[in-house]
Amino acid sequence: QVQLVESGGGLVQPGGSLKLSCAASGFTVSAYAMSWYRQAPGKGREFVALITETDYSTNYRDSVKGRFTISRDNAKNTAYLQMSSLKPEDTSVYYCNAKNSFSNYWGQGTQVTVSS
C-alpha cells in the first residue's frame, strides 16, 4: 500500500522553528522528486519547495527562501522540511508530494500554526 505520512507539525511562536517529516511506504522515494506544498484556509494549495531525485537540486517559493530547507534521506525513505524564522503567514496545512513520470502521490497533510 502506497503511503506518504507527514509529521512534525504543531503550534509555534513567530520566529520559531519546526521540522516536518514525510515518511514513504509502498514505494522508494529515490525514484521520485519530493516536494512540499501548503494550503491555508480559504486559499488554494501552493508550492513551497522541491528536491529532485537526480542531482538533489532544490527550488523554493520566494517567500520561504533563506528560511526553509528541503532535504531527503533515501536510506530512510523520508523527506524533510526544516522551517525557521516562522511567520504567521506560514500557517497552513503542509502536504508532502512524490512525483515522477509515472506516479504522483500525496500525503494527508500536517497542520502548522504560527501564533503568539
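Residues numbered from 1 in each chain as written. Predicted model: local features only at pLDDT ≥ 70, side-chain atom pairs only at ≥ 80, totals over all residues. Heavy atoms only, no water.

A closer look at the sheet that holds strand β8 (residues 78-83)
Short version of the rule: At least two bridges found by DSSP between two strands is the condition for calling them paired. Per the convention used, a helix needs a DSSP run of H or I reaching at least four residues, while a strand needs a run of E reaching at least two, with both numbered from the N terminus. Axis angles are defined between N-to-C directions and span 0 to 180 degrees, where every axis is a line fitted to C-alpha atoms and, for a helix, only to the segment in contact.
If you walk across this open sheet you meet the 4 strands as β1-β3-β8-β7, and the pairing is antiparallel. Each end of this open sheet is capped by a strand with a single partner; those strands are β1 (3-7) and β7 (68-73). Direction aside, the axes of adjacent strands within the sheet are offset by 15 degrees on average. Summarising the sheet, β1 and strand β3 (residues 18-25) pair through 5 bridges and their orientation is antiparallel. Across the sheet, the residue bridging to Gln-3 is Ser-25, located in β3.

A word on unusual backbone geometry
Put simply, the rule reads: Here's how the labels work: a residue is buried when its accessible area is under 20% of the maximum for its type, exposed when over 50%, partly exposed in between, all with a 1.4 Å probe on protein chains only.
The residue Tyr-56 is not glycine, and still its phi comes out positive at about 60 degrees. Relative to the helices and strands, Tyr-56 is located in the loop between β5 (46-51) and β6 (58-60). Given the relative accessible area of 42%, Tyr-56 is considered partly exposed. The backbone of Asn-77 sits at a positive phi, close to 55 degrees, despite the residue not being glycine. Tracing the backbone through its elements, the reader meets Asn-77 in the loop between β7 and β8. The class for Asn-77 is buried, based on a relative accessible area of 15%.

Points about the environment of Val-29
Within the secondary structure, Val-29 sits in the loop between β3 and β4 (33-39). The buried category is assigned to Val-29, whose relative accessible area is 1%. Linking Val-29 and Ala-75, residues 46 residues apart in sequence, is a C-alpha distance of 9.2 Å.

Re the state of the cysteines
Each disulfide is one covalent bond, formed between the sulfur atoms of two cysteines. Applied cut-off: Count a disulfide wherever a pair of cysteine sulfur atoms falls within 2.5 Å.
Inspection of the entire model under this criterion finds 1 disulfide. Sulfur-sulfur distance for the disulfide between Cys-22 and Cys-96 comes to 2.0 Å. The sign of the -80 degrees torsion about the S-S bond sets the Cys-22-Cys-96 disulfide as left-handed. Linking Cys-22 in strand β3 with Cys-96 in strand β9 (residues 92-99), this pair joins segments that are 74 residues apart in sequence. Cys-22 gets classed as buried once you look at its relative accessible area, which sits at 0%.

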